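Read off the chains here:
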Number of protein chains: 2
Amino acid sequence: MLSNYSNPEIISLVEKKLDNLLSNDNNIAARDALLIEAMRYSTLDGGKRIRPLLTVAAGSLSSSSIDNLITIGSVIELIHCYSLIHDDLPAMDNDDLRRGRLTCHKKYNEAIAILAGDAIQTEAFRVISSDKLNISANTKLKIINLIATSAGHNGMVGGQALDLINTGETLSLVELQNMHSKKTGALIKAAILCGYLCGDNYHDDIFTKLNTVGDNLGLLFQIADDILDFTSDTLTLGKTAKKDFVYNKATYVNILGIEEAQNMAQKLYEQTLIILESLSNSKQLVDLTHFIYERSS
Amino acid sequence: MLSNYSNPEIISLVEKKLDNLLSNDNNIAARDALLIEAMRYSTLDGGKRIRPLLTVAAGSLSSSSIDNLITIGSVIELIHCYSLIHDDLPAMDNDDLRRGRLTCHKKYNEAIAILAGDAIQTEAFRVISSDKLNISANTKLKIINLIATSAGHNGMVGGQALDLINTGETLSLVELQNMHSKKTGALIKAAILCGYLCGDNYHDDIFTKLNTVGDNLGLLFQIADDILDFTSDTLTLGKTAKKDFVYNKATYVNILGIEEAQNMAQKLYEQTLIILESLSNSKQLVDLTHFIYERSS
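Fair warning: this is a prediction, and the values are worked out from it, not measured in the lab.

## Here we look at the overall build of chain A
When its secondary structure is counted, chain A shows 15 helices and two strands. In summary, chain A has a C-alpha radius of gyration of 18 Å against a globular reference of 19 Å for 297 residues, a match within 12%. For chain A, the C-alpha atoms occupy an extent of roughly 55 × 45 × 35 Å along the three principal directions. Each of the 297 residues in chain A was classed as buried or not, and the buried ones make up 53%. Within chain A, counting contacts between residues at least 6 apart in sequence, those at least 24 apart form 73% of the total.

## Side note on the interface of chain A and chain B
In this assembly, 43 residues from chain A lie in contact with 43 residues from chain B. Those elements that place two or more of their residues in the side of chain A that touches chain B are helix H2 (30-43), helix H6 (110-129), helix H7 (137-151) and helix H8 (156-166) of chain A. Top element by residues in the side of chain A that touches chain B is H6(A). It accounts for 13 residues. The residue makeup of the side of chain A that touches chain B, split by class, is 23 nonpolar, 13 polar and seven charged.

## Here's the deal with the environment of B:Val127
Residues and elements named next belong to chain B. Positionally, Val127 belongs in helix H6 (residues 110-129). Considering only alpha carbons, one finds Val127 and Val75, 52 residues apart in sequence, at a separation of 7.2 Å. In contact with Val127, other than residues within four places in its own chain, are Leu21, Thr71 and Val75.

## Quick word on helix H8 (residues 156-166) of chain B
Residue and element names in this part refer to chain B. For H8, the tally of buried residues reaches eight of 11 residues, placing the bulk of the element in the interior. Among all positions in H8, only Met156, Val157, Gly158, Gly159, Gln160, Ala161, Leu162 and Asp163 are buried. Following H8 by one or two positions, Gly168 has its phi on the positive side, about 90 degrees.

## Comments concerning the relation of the copies chain A and chain B
Overlaying chain A with chain B gives an RMSD of 0.0 Å, the required rotation being 180 degrees about an axis along which the chain moves by 0.0 Å. Here the transformation between the copies is reduced to the relation of a two-fold axis. Taking the C-alpha atom as reference, chain A places A:Ala137 closest to the rotation axis, 2.9 Å from it. Of all interface residues in chain A, 100% are interface residues in chain B too; the two copies therefore contact each other through one and the same surface.

## A few points about unusual backbone geometry
Residue and element names in this part refer to chain A. Here the phi dihedral of Asn94 falls at roughly 50 degrees; this positive angle occurs in a residue that is not glycine. Residue placement: Asn94 occurs in the loop between helix H4 (66-87) and strand S1 (97-98). Phi at Asn281 takes a positive value of approximately 55 degrees, unusual for a residue other than glycine. Residue position: Asn281 is located in the loop between helix H14 (258-277) and helix H15 (283-294).

## Regarding the environment of B:Ser12
Residue and element names in this part refer to chain B. In this structure, Ser12 sits in helix H1 (residues 8-21). Residue Ser12 is classed as exposed on the basis of its C-beta count, with 11 C-beta atoms lying within 10 Å. Taking the C-alpha atoms as reference, Ser12 lies 9.9 Å from Gly46; in sequence the two are 34 residues apart.

## Overview of helix H9 (residues 173-197) of chain B
At B:Gly185, H9(B) is bent by approximately 50 degrees, the largest bend along its length. Most of H9(B) sits out of view: 20 of its 25 residues are buried.

## Quick look at the packing of H9(B) against helix H10 (residues 204-231) of chain B
Residues and elements named next belong to chain B. Between H9 and H10, the least distance of the axes is 7 Å, while the angle of their chain directions is 135 degrees. As summarised for this structure, H9 and H10 are arranged oblique, according to the angle between their axes. Helix-helix and strand crossings are classified by hand; for H9 and H10 the assignment is right-handed. On H10, the residues that touch Gln177, His180, Ser181, Thr184, Gly185, Ile188, Lys189, Ile192, Leu193 and Tyr196 of H9 are Phe207, Leu210, Asn211, Val213, Gly214, Asp215, Leu217, Gly218, Leu219, Phe221 and Gln222. In terms of residue class, the contact of H9 with H10 is built from 10 nonpolar, nine polar and two charged.

Cut-offs used in this document
Residues numbered from 1 in each chain as written. Chains lettered and ligands numbered in written order. Predicted model: local features only at pLDDT ≥ 70, side-chain atom pairs only at ≥ 80, totals over all residues. Helix = DSSP H or I, 4+ residues; strand = E, 2+ residues; numbered from the N terminus. Rg over C-alpha atoms; globule rule 2.2 N^0.38 Å. Buried ≥ 20, exposed ≤ 12 C-beta atoms within 10 Å, placed from the backbone. Contact = placed C-beta atoms within 7 Å. Nonpolar A, V, L, I, M, F, W, Y, C, P; charged D, E, K, R; others polar. Least-squares fit on C-alpha atoms with pLDDT ≥ 70 in both. Bend = angle between axes of the 7 residues up to and from the residue. Axes fitted to C-alpha atoms, helices over the stretch in contact; angles between N-to-C directions. Parallel < 35°, antiparallel > 145°, perpendicular 65-115°, else oblique. Left-handed = near helix turned anticlockwise from the far one by under 90°.

Below is the structure:
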């Protein structure tokens, strides 16, 4: 699905950076190459790259350098990609397709998929801590801490655990939001805040506003995902559609109904635009808010 | 197995620190608590704590503070613990027992075990990047980079992938050493080097010597493990014994025979002592060299 609100130039820079980060530059033997091949397979396979786009967009509010933003955005995408490999595993969501291709454990095997995910996560932290990255030491540590907090047991992984534990349970809207704010919201928010942290033109009050924007967009993204899962077919979606519905997973559509879910998405969209319009240099974030919203409409 | 060469006081401080790092201080609801419970189950279950002991021992060569050493050692132990959870999974080594207790996926389930491992890895990087840790920003970044390099696809995880790929293959001694230098050697070396990096009394030539000590002890540790697997029974070992032998996995014992493996261990032990005796304040590292060696003799 092409959108006027995405940013193909930035996506192309992110693809190049990811290719470069996971390059097989050691001339290693065939046996050693399988793991890095699996890491590349599951990372360089496209995707919307919404998180790096958000990082770059937020960076323009603090005059961050584009090179640093592409690196930090790509690192956050690594965290996202590792989580998808593990989420797709038979013991978790048991998905055969991801972005229209075989999932990592189907293409290789379960062991390699587990290890590829593990190593991709490690690589993210290796890249930010590298002395080749021209960001101040204190900012690097803030970014590492923010990503780790968002990705760990109080964030993304904790949310995924809750999602599994909650399957088949009847959830309230509050419980659903708690789960999603961890599972997808935390890293989306981190993508925005880390981009803003990269630049020198930093103000606490803008950081606070971006925090709310991050919360809103994380939630909007998930509602849009649930709506898409309900309204699309497998071919368009590139992954197995209506799975959540069939498996009676708690989703915004299941709890609220499709119309109310769409209303909620619209409200979040409008609230986010109001905040962004109060900020300078927020055009890219406004575009991405349209982009995330239009998936649900 | 009690040893005069271990250090119960340090181990007790590490246990307390790990308990504290993974404390459930959010008063979270029962559903949210399962993941942290699994993380605690697989981290606080004892073990020799050889990596934190090495970190603390190496830190005495650069006059590092004990508090910082305990934290950094515990963080490296987190990386080790996460790798054990994933290595034990059915798709990998398929072990039911670890340190005499059920493995994480047997106690909980596979999904929770995968996620607990993931979140423990993340937690390691969160802790080092925390502004509560009183180590200079540049040193923290060096430590993060060293741990990530040692734990990722060119280190521990890469070695585990090679181990799986190599199962059933005939390996040369060089190939076996390459695999183990990544799988277990890299993190053991990192444990030593990170401890040394923590202190202010830093010298390049000592770092270089400790690098060799790290290589030797990593190799010695693995040979000792293989010898133990061959000579012990399941009850003494606390995990399924003779698995490597039964499954015809490449080990030092399988390739060299038990006597030659023991000779190789003895040579590494002696070479390491010669280096350590040339360094001041190396008594703790000497003790740990005895400790690692005596497991194989």
